[in-house]
Amino acid sequence: MQSVYQHLISLLFVFSSLHVHQLTEGCSCALTHPQDAFCNSDIVIRAKVVGKKLLRDGPFGTMRYTVKQMKMYKGFDKVQHVQHIYTDASESLCGVKFEINKYQYLITGRVYDDKVYTGLCNFNERWERLSLAQKKGINHRYQLGCACRIKPCHYLPCFVTSKNECLWTDMLSHFGYPGYQSRHYACIQQKEGYCSWYRGMTARDKTTINATDP
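Everything numeric in this text was worked out from a predicted model, so none of it was measured.

Undergrad: Go over the overall build of the chain, please, and point to the residues and values.
TA: When you go through the chain residue by residue, the secondary structure sums to 5 helices and 11 strands. Of all 214 residues assigned to the chain, the portion counted as buried reaches 43%. For the chain, long-range pairs separated by at least 24 residues make up 55% of all intrachain contacts whose partners lie at least 6 apart in sequence. Accessible area of the chain: about 12600 Å², with a carbon and sulfur share of 53%.

Right, dumping it as structure tokens:
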């Protein structure tokens, strides 16, 4: 009996270590620019969710979604092809709810024991809701800025403190997330080693701006 009890305590410890929030307080996530979400993820794919199954593994259960992968943008070194996505069964524990056979999703996540896990703190969005700049960022631009640091600005004054930083001011100008920089800009490292916001539009409107604008 004592060994069973110790095993349960060990499971709870491992489970709690995978989450940054308090279980009693529900899911809480820090705001993240899509570029940071891309750079910090093991896997980034576009996929349609075609099925789901509740797995009774662990104290709270895990939802396993079956996906039809359309394209992989990151993670070739981790898995060859993604067939299942795992997430907590409860939204209060940061579990994601995907609709079945309706939409294509951008899904980001981490790989543990050859399984892809995602949650509400990852960047998951219906593909058609992404801006053109976000889609281009996922295709190639975000990767160019993974050596840069996007520095959130919640209160004025805010300053960059190193040449590899871009100042993220969406929380000021749009009173929340997502904002203009999240939807239309990528923080790209320039030849001089400095990072700055980049907005790629048409051939007549390709602009590179400094780290404090927009």
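Undergrad: So what's going on with the nonpolar core? Residues and values would help.
TA: If you look at soluble globular proteins, the nonpolar side chains tend to sit buried side by side. Counting residues in each nonpolar core, the largest one holds 17 residues, and the members touching the most others are Ile 43, Ile 45, Val 82, Ile 85, Phe 98 and Ile 107. Residue assignment for this core shows that the elements contributing at least two residues are strand 1 (43-55), strand 2 (62-74) and strand 4 (104-112). Every residue in contact with Ile 85, bar those within four places of it in the chain, is listed here: Ile 45, Met 63, Arg 64, Tyr 65, Val 67, Ile 107, Val 116 and Thr 118. Phe 38, Cys 39, Phe 123 and Ala 186 belong to the second largest nonpolar core, which has 14 residues in total.

Undergrad: So what's going on with the packing of aromatic side chains? Which residues, and what values?
TA: If you walk through the whole model with that rule in mind, you get 8 aromatic pairs. Positioned above the aromatic ring of Tyr 86, the side-chain terminus of Lys 115 is 5.1 Å from the ring centre.

Undergrad: Can you explain the pairing of strand 8 (residues 165-168)? Please cite residues and give values.
TA: Side-chain alternation along strand 8 places Glu 165 and Leu 167 on one buried face and Cys 166 and Trp 168 on a second face that is also buried. Sheet analysis places strand 7 (residues 149-152) next to strand 8, joined by 4 bridges and oriented parallel. Residue pairing in the sheet places Ile 150 in a bridge with Cys 166 of strand 8.

Undergrad: Pulling in residues and values, what's your account of the confidence of the model for the chain?
TA: Of the residues in the chain, 80% have a pLDDT of 70 or more, and the chain-wide mean is 83. Considering only residues more than four positions removed or in separate chains, one finds that residues 202-214, a stretch of pLDDT under 50, has 29 contacts.

Undergrad: Talk me through the pattern of salt bridges; I want residue IDs and the actual numbers.
TA: In a structure, side chains of opposite charge can pair up when their charged atoms sit close to one another. Summed over the entire model, instances satisfying the criterion amount to 5 salt bridges. Measuring nitrogen to oxygen at the nearest pair gives 2.8 Å for the salt bridge that ties Glu 128 to Arg 126. Using a relative accessible area of 43% as the deciding quantity, one classes Glu 128 as partly exposed. A relative accessible area of 17% places Arg 126 in the buried class.

Undergrad: Account for the state of the cysteines, naming residues and giving values.
TA: Considering all chains together, one arrives at 6 disulfides under this definition. Between Cys 148 and Cys 195 runs a disulfide, and the two sulfur atoms are separated by 2.0 Å. Its torsion about the S-S bond being -85°, the disulfide of Cys 148 and Cys 195 is classed as left-handed. Taken together, the residues span a long stretch of sequence, with Cys 148 in the loop between helix 3 (132-144) and strand 7 and Cys 195 in strand 10 (residues 195-199) at a distance of 47 residues. A relative accessible area of 9% means that Cys 148 is categorised as buried. Among the residues examined, Cys 195 registers a relative accessible area of 4% and is labelled buried. Note on cysteine connectivity: Cys 166 is disulfide-linked to Cys 187, with sulfurs 2.1 Å apart. Taking the sign of the torsion about the S-S bond as the criterion, the disulfide between Cys 166 and Cys 187, at about 80°, is right-handed. Taken together, the positions of Cys 166 in strand 8 and Cys 187 in strand 9 (residues 186-189) put the pair 21 residues apart, joining distant regions of the chain. Accessibility classification places Cys 166 together with Cys 187 in one group, the buried group.

Undergrad: Could you give an account of the environment of Met 70, with specific residues and numbers?
TA: In this fold, Met 70 is placed in strand 2. In contact with Met 70, other than residues within four places in its own chain, are Arg 46, Ala 47, Lys 48 and Gln 104.

Undergrad: Can you tell me about the side chain of Thr 87, naming the residues and giving the values?
TA: Along the polypeptide, Thr 87 turns up in strand 3 (residues 84-88). Judged by its relative accessible area of 2%, Thr 87 is buried. Polar side-chain contacts of Thr 87 include one of 2.9 Å to the backbone oxygen of Thr 118. If sequence neighbours within four positions are ignored, Thr 87 has contacts with Thr 62, Met 63, Tyr 65, Cys 94, Gly 95, Val 96, Thr 118 and Gly 119.

Thresholds applied
- Residues numbered from 1 in each chain as written.
- Predicted model: local features only at pLDDT ≥ 70, side-chain atom pairs only at ≥ 80, totals over all residues.
- Heavy atoms only, no water.
- Helix = DSSP H or I, 4+ residues; strand = E, 2+ residues; numbered from the N terminus.
- Buried < 20%, exposed > 50% of the residue type's maximum accessible area, 1.4 Å probe, protein only.
- Contact = heavy atoms within 4.5 Å.
- Areas by Shrake-Rupley, 256 points an atom, 1.4 Å probe, with all protein chains shown as cover.
- Core = buried A, V, L, I, M, F, W, Y, C linked by side-chain atoms within 4.5 Å.
- Phe/Tyr/Trp six-rings, centres within 6.5 Å; stacked < 30°, edge-to-face > 60°.
- Lys NZ or Arg CZ within 6 Å of the ring centre and 35° of its normal.
- Pairing = 2+ DSSP bridges.
- pLDDT = per-residue confidence, 0-100.
- Salt bridge = Lys/Arg side-chain N within 4 Å of Asp/Glu carboxyl O.
- Disulfide = S-S within 2.5 Å.
- Polar contact = N/O pair within 3.5 Å; in protein donor to acceptor, adjacent residues only side chain to side chain.

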